[in-house]
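# Examining the three-dimensional arrangement
Here are the chains, one letter per residue:
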Amino acid sequence: MAVGDPSIETPPRASSPVHKFGTLAVHAGSDHDPVTGAVIEPISLSTTFAQSAVGKPIGQFEYTRSSNPNRENFEKAVAALEHAKYALAFASGSATTAVVLQSLAAGSHVVSISDVYGGTHRYFTQVASAHGVKVTFSPSIEIELDELIRPETKLIWIETPSNPTLSLVDIRKIATSAHQHGIHVVVDNTFLSPYIQNPLDHGADIVVHSVTKYINGHSDVLMGVAAFNSPQLLKHLAFLQNAIGAVPSAFDCWLAHRGLKTLHLRARESTKNATGIANALSASPHVIAVNYPGLSTHAQREVALKQHRDGMGGGMLSFRVRGGQAAAERFCQSTKLFTLAESLGGVESLVELPGRMTHAGIPKEQREAAGVFDDLVRISVGIEDEADLRADVLQALEKAVIAPKIANGVNGLA
Ligand SMILES: *Cc1c(COP(=O)(O)O)cnc(C)c1O
């Protein structure tokens, strides 16, 4: 629904653009229930809404696929946090990607960064082609973009930071080039969340999220969202949202909206924890390299300082452990607080091996060219206590790298 429609604007009591992030997170789209005064919105499970005369709904809702109160409140909140006029929610991050790609005419061309999310890569290479949309991947989009643009190029797709190597793209630079050719820029902002980065402020046309990750933040909802400022995009994408019907349930919208209210607290805490862990890893003799945009040694630290709130690094990092894939696997099995699992952005810390798990579908040569070596470990840092997480990482490193050497040594003597 039209989040910017003045008839459904949040009343002055609640949020407005003059308010800061935490205030907006708590209040945007969270009006008291006008009938009961309930401070927390009820979950509106009704699939259909009564009409007083033919074609005259009593309120603004008709049928839940087209719009419903919980989805609309959630969309308002995300729009406020992403500095967007409009937001549309979808059944998953992947459904969001699919709808954005579906909005392109057959014959369109897309330029994407190489190390996009695995599911996005799969959609681009195996689904978009079926309706005549071609995607070119670029490992260094900032340098190559002008050469890759064709007359039929309609979209640039960026993920910054990228997954799992946490490399950054200068959004303003890409948007400036793209806009000279009338091309839209999409930024997948899942890894940082709107608290740390607002791509529309840097010239992007559409920002997308897997809400499943930081926005919901509690690893119990699968959902996606797109936010943007153009009324034409609203018309087109809202039409597809309804026509395709890949929409989230009212209950999931309610849960994700609840999660979003603490996003700023969680993002700050996980950044603090990740920074502590990145520093500890950098100082460890068992680690080959650390990828974390919060470190002053990160290759694109200036981009982080320009695009991220206070240069924050976020809660995601990856590192190469000494001892190859075997050591990396031992590390993942030796942590006690970090759970070995895919996904990210929840309150709990997770660890995974991209080469064997999230990125296993990409051929090894291609993977390694993008920096995804067999010894690369990715961690999603949660909001537990920093000292406990740091100690857990250090003990797991000892087990992964030192313990086998001692064991081998002892066996050698025997
Ligand atoms: C998880 C993820 C997606 C896909 O989202 P789903 O909600 O799992 O469909 C897209 N982009 C990024 C960066 C992700 O991490």
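Conventions used here
- Residues numbered from 1 in each chain as written.
- Predicted model: local features only at pLDDT ≥ 70, side-chain atom pairs only at ≥ 80, totals over all residues.
- Heavy atoms only, no water.
- Core = buried A, V, L, I, M, F, W, Y, C linked by side-chain atoms within 4.5 Å.
- Buried < 20%, exposed > 50% of the residue type's maximum accessible area, 1.4 Å probe, protein only.
- Domains from an automatic or database assignment.
- Contact = heavy atoms within 4.5 Å.
- Salt bridge = Lys/Arg side-chain N within 4 Å of Asp/Glu carboxyl O.
- Helix = DSSP H or I, 4+ residues; strand = E, 2+ residues; numbered from the N terminus.
- Near = heavy atom within 4 Å.
- Polar contact = N/O pair within 3.5 Å; in protein donor to acceptor, adjacent residues only side chain to side chain.
- Nonpolar A, V, L, I, M, F, W, Y, C, P; charged D, E, K, R; others polar.
- Patch = residues over 30% accessible without salt bridge, like charges linked within 9 Å, V, L, I, M, F, W, Y side chains within 5 Å.
- Areas by Shrake-Rupley, 256 points an atom, 1.4 Å probe, with all protein chains shown as cover.
- UniProt positions renumbered as here; feature names shortened; annotations may be inferred.

A few words now on the nonpolar core. In summary, soluble globular proteins display a tendency toward joint burial of nonpolar side chains. Core analysis: the biggest nonpolar cluster contains 80 residues, and Phe 74, Leu 101, Ile 156, Trp 157, Val 185, Ile 206 and Phe 228 have the highest contact counts within it. Summarising the domain contributions, this core has at least three residues from each of domain 1 (21-260) and domain 2 (267-413). Once you skip the residues sitting within four places of it in the chain, Leu 101 turns out to touch Val 110, Tyr 123, Phe 124, Ala 128, His 131, Val 133, Leu 155 and Trp 157. One finds Val 321, Leu 353, Ala 396 and Val 401 within the second-largest nonpolar core, a separate group that totals 27 residues.

On to the pattern of salt bridges, then. According to the stated counting rule, one finds 13 salt bridges in the structure shown. The partner of Glu 329 in a salt bridge is Arg 356, and the shortest N-O contact between them spans 2.3 Å. With a gap of 27 residues between them, Glu 329 in helix H12 (residues 324-334) and Arg 356 in the loop between strand S13 (350-352) and helix H13 (364-369) connect regions that are remote in the sequence. Close ionic contact of Arg 367 with Asp 374 constitutes a salt bridge, the shortest N to O distance being 3.0 Å. Within this structure, Glu 269, Lys 272, Glu 386 and Arg 390 form a network of salt bridges that share partners.

Contacts to the ligand come from 14 residues, most closely from Ser 94, Asp 188, Ser 210, Thr 212 and Lys 213. Asp 188 places a polar side-chain atom, nitrogen or oxygen, 2.7 Å from a nitrogen atom of the ligand. Here Ser 210 contributes a side-chain N or O atom positioned 2.8 Å from an oxygen atom of the ligand. Tallied by class, residues from the shell around the ligand come to five nonpolar, six polar and three charged.

This next bit is on a nonpolar patch on the surface. Together, Ile 43, Leu 45 and Phe 251 give the surface a local cluster of nonpolar side chains, amounting to about 290 Å² of exposed area. Tracing the sequence through the fold places Ile 43 in the loop between helix H1 (21-27) and strand S1 (51-53). The exposure class of Ile 43 is partly exposed, given its relative accessible area of 33%.

Annotation from UniProt places "modified residue: N6-(pyridoxal phosphate)lysine" (unreviewed entry) at Lys 213. Judged by relative accessible area, Lys 213 falls into the buried class, the value being 9%. Excluding residues within four positions of it along the chain, Lys 213 makes contact with Tyr 117, Thr 190, Ser 343, Leu 344 and Gly 345.

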